[in-house]
Amino acid sequence: MASNRGLAYMEPGRVEVQSIDFPKLALGNRKCDHGVILKIVSTNICGSDQHMVRGRTTAPRGLILGHEITGEVIEAGRDVEFIKTGDLVSVPFNIACGRCRNCKEGKTGICLNVNPARPGAAYGYVDMGGWVGGQAEYVMVPYADFNLLKFPDKAQAMEKIRDLTCLSDILPTGYHGAVTAGVGTGSIVYVAGAGPVGLACAAACHLLGAACVIVGDLNPERLAQARSFGCETVDVSRSASIAEQIDNIVGAPEVDCAVDCVGFEARGHGEDARKEVPAAVLNSLMGIARAGGAIGIPGLYVTEDPGALDERAKLGNLTIRIGLGWAKSHVFTTGQCPVMKYNRQLMQAILYGKIQVAKAVNVTVISLDQGPQGYKDFDKGAARKFVIDPHGSISKN
Ligand SMILES: NC(=O)c1ccc[n+]([C@@H]2O[C@H](COP(=O)([O-])OP(=O)(O)OC[C@H]3O[C@@H](n4cnc5c(N)ncnc54)[C@H](O)[C@@H]3O)[C@@H](O)[C@H]2O)c1
Ligand SMILES: [Zn+2]
Ligand SMILES: [Zn+2]
């Protein structure tokens, strides 16, 4: 049998390369004749993985990480009709059956049939159904006809692979944050967080026609990265409030649209930037979004956080000033991004040169063996999106 290697979460702060089973068209007793085996071309490290690797979830030791997968089909199950061996495909990080009520409504982030514990599943993620992750050489993708996005031309796709690798998660996720915040032509937008999701969101805001995109963070290197493609920036650790800094940029202390690309590990603002204040971003966005505005919340919030500072936050209870959002008639959109809703259009935007997402997020290609170091550097706040190239297919290209 062919061999396989993948990145395993071992304990807080430690990820290791291991020999793992070659994937089968099954998950435990569940047959996956509707699935395919992929030889992975690129697989990215995500801020969502960091929550697990920092010990901020109940992820078990030995979990094989990785939900941002692009690859070539090397074997198709008996029930796969339209995807073929040899196809180069992007895998939405959400696993979806295509048959349940939510999938039929396009809500593929909360599929009802792929995770016995709760709606919604993903590869290599705690509480997400036990599907094996794809920071590996090979992975199994179930419901392949429904889940996979095939690239029209392999050679053309390999030329843009650094951009196309962002279609499995961060580009659709950032775009979803922008769309659900109401971003359109002429919008003034505030994006909280200059990690890869925030930067992809900012690039998506430009694609959607925003007039001014302001990105907030406390990491100077990441803020410089945001400025490198035309964003304005706010340093949330400064004593001037976010509203004051926005006022200095656009002449008013508010924005049309706001997006939370940070999530529950948020730092506070000003003096509080040294510590974690999990509701800081949500509360500040209600403060600066105009009355009648919308707030997109792709940033992740959890139901269990063993590393939380207080007992309430350990169960995901945060001190949110909902009265303010209510008074301003704000619309909130939470949850996993339903990647499939956007990935085809965004693929075309990439292939026709309308968005340079790899440049925006500073895609940096590494080998599988460099994966553990990639996790360390990303955790330190490197202004990079690490893309693992397990077979050397990108470096060879
Ligand atoms: N909804 C989804 O489908 C989905 C998909 C992918 C990622 N996510 C989530 O999106 C979030 C961002 O992902 P990422 O990969 O960019 O993570 P990341 O950890 O690299 O980036 C988060 C950034 O937020 C900054 N930050 C912390 N507190 C802040 C504050 N108060 N104001 C502004 N910035 C602040 C950090 O310095 C960091 O640069 C994570 O929570 C991740 O789990 C959600
Ligand atoms: Zn991700
Ligand atoms: Zn479903």
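As the structure is a prediction and not an experimental result, all values here were calculated from the model.

Reading guide: rules and limits
- Residues numbered from 1 in each chain as written.
- Chains lettered and ligands numbered in written order.
- Predicted model: local features only at pLDDT ≥ 70, side-chain atom pairs only at ≥ 80, totals over all residues.
- Heavy atoms only, no water.
- Donors = N, O, S within 2.8 Å, 3.2 Å for Na, K, Ca; no water.
- Tetrahedral: all angles 85-135°; square planar, octahedral: opposite > 155°, others 65-115°.
- Buried < 20%, exposed > 50% of the residue type's maximum accessible area, 1.4 Å probe, protein only.
- Near = heavy atom within 4 Å.
- Polar contact = N/O pair within 3.5 Å; in protein donor to acceptor, adjacent residues only side chain to side chain.
- Areas by Shrake-Rupley, 256 points an atom, 1.4 Å probe, with all protein chains shown as cover.
- Helix = DSSP H or I, 4+ residues; strand = E, 2+ residues; numbered from the N terminus.
- Nonpolar A, V, L, I, M, F, W, Y, C, P; charged D, E, K, R; others polar.
- Domains from an automatic or database assignment.
- Pairing = 2+ DSSP bridges.
- Axes fitted to C-alpha atoms, helices over the stretch in contact; angles between N-to-C directions.
- Contact = heavy atoms within 4.5 Å.
- Salt bridge = Lys/Arg side-chain N within 4 Å of Asp/Glu carboxyl O.
- Patch = residues over 30% accessible without salt bridge, like charges linked within 9 Å, V, L, I, M, F, W, Y side chains within 5 Å.
- Right-handed = clockwise from strand over helix to strand, strands pointing away.

## Overview of the coordination of the zinc ion (ligand 3)
In an ideal octahedron of six donors the angles at the metal are 90 or 180 degrees, and in an ideal tetrahedron of four donors they are 109.5 degrees. In this structure, Cys 97 (SG), Cys 100 (SG), Cys 103 (SG) and Cys 111 (SG) serve as the protein donors to the zinc ion (ligand 3), at separations of 2.3 to 2.4 Å. Of note is the zinc ion (ligand 3), whose four donor atoms meet at the metal with angles of 99 to 119 degrees in an arrangement that counts as tetrahedral. Judged by relative accessible area, which is 6%, Cys 100 ranks as buried.

## Details of the site of ligand 1
Residues in close proximity to ligand 1 total 30 residues, the closest being Ser 48, Asp 217, Arg 222, Arg 267 and Cys 337. Contacts to ligand 1 include Pro 196, whose backbone N or O atom sits 3.2 Å from an oxygen atom. Separating a nitrogen atom of ligand 1 from a side-chain N or O atom of His 269 is a distance of 2.9 Å. Contact with the protein chains removes 93% of the 860 Å² of surface that ligand 1 exposes when unbound. If one sorts the elements of the shell around ligand 1 by residue count, helix H1 (residues 47-53) sits on top with three residues. Among the residues forming the shell around ligand 1, the class breakdown is 14 nonpolar, twelve polar and four charged. Structurally, the shell around ligand 1 is a two-domain feature, drawing no fewer than three residues from each of domain 1 (4-169 + 343-396) and domain 2 (172-333).

## Focus on the coordination of the zinc ion (ligand 2)
Donor atoms from the polypeptide that coordinate the zinc ion (ligand 2) comprise Cys 46 (SG), His 67 (NE2), Glu 68 (OE) and Asp 169 (OD), at 1.9 to 2.3 Å from the metal. Coordination geometry of the zinc ion (ligand 2): the four donor atoms subtend angles of 91 to 128 degrees at the metal centre, consistent with an arrangement described as tetrahedral. For the zinc ion (ligand 2), the donor residues sit on a single chain with the sequence spacing C-x20-H-E-x100-D. On the criterion of sequence distance, the pair formed by His 67 in the loop between strand S6 (63-64) and strand S7 (68-76) and Asp 169 in the loop between helix H5 (161-164) and helix H6 (170-180) is long-range, its members being 102 residues apart. Given the relative accessible area of 2%, His 67 is considered buried.

## As for the sheet that holds strand S15 (residues 289-296)
Strand order in this open sheet of six strands is S13-S12-S11-S14-S15-S16, and the pairing throughout is parallel. The outermost strands of the open sheet, each flanked by one partner alone, are strand S13 (232-235) and strand S16 (331-333). Put simply, the sheet's adjacent strands are angled 20 degrees from each other on average, direction ignored. For S15 and S16, the ladder comprises three bridges, and the chain directions are parallel. From the neighbouring strand, Gly 296 faces S16, where its bridge partner is Thr 333. Across the face of the sheet, helix H10 (residues 280-288) comes into contact with strand S11 (188-192), strand S14 (255-260), S15 and S16 while running at roughly 145 degrees to S15.

## Overview of the pattern of salt bridges
Scanning the model with the defined rule gives 21 salt bridges in all. Across the pair Arg 14 and Glu 11 runs a salt bridge, and its minimum N-O distance is 3.1 Å. Judged by its relative accessible area of 35%, Glu 11 falls in the partly exposed class. For Arg 78, the salt bridge identified is with Asp 33, shortest N-O distance 3.4 Å. Within this pair, whereas Arg 78 is found in the loop between S7 and strand S8 (88-91), its partner Asp 33 is found in the loop between strand S4 (30-31) and strand S5 (36-44), the two being separated by 45 residues in sequence. The buried category is assigned to Asp 33, whose relative accessible area is 18%. Here the salt bridges do not stand alone but share partners, grouping Arg 54, Arg 56, Glu 265, Glu 276, Asp 305 and Asp 379 into one network.

## Observations regarding a nonpolar patch on the surface
Residues Ile 320, Ile 322 and Phe 332 make up a contiguous nonpolar surface patch of about 260 Å² in total accessible area. Mapped onto the secondary structure, Ile 320 falls in the loop between S15 and helix H11 (322-327).

## What to know about the pairing of strand S12 (residues 212-217)
By the criterion of burial, S12 is predominantly enclosed, with six of the six residues buried. Because side chains alternate across S12, one face comprises the buried residues Cys 212, Ile 214 and Gly 216, and the other comprises Val 213, Val 215 and Asp 217, equally buried. In this structure, S11 lies alongside S12, joined through five bridges in parallel fashion. Along S12, the bridge assignment pairs Tyr 190 with Ile 214. Taken together, S11, helix H7 (residues 196-207) and S12 form a β-α-β motif whose crossover is right-handed. Two strands pair when backbone bridges link them, and S12 and S13 are joined in this way by four bridges, in the parallel orientation. Looking at the pairing, Ile 214 lines up with Glu 232 of S13. Note on the crossover from S12 through helix H8 (residues 220-227) to S13: the handedness is right-handed.

These values are about where atoms sit, not about what they do.
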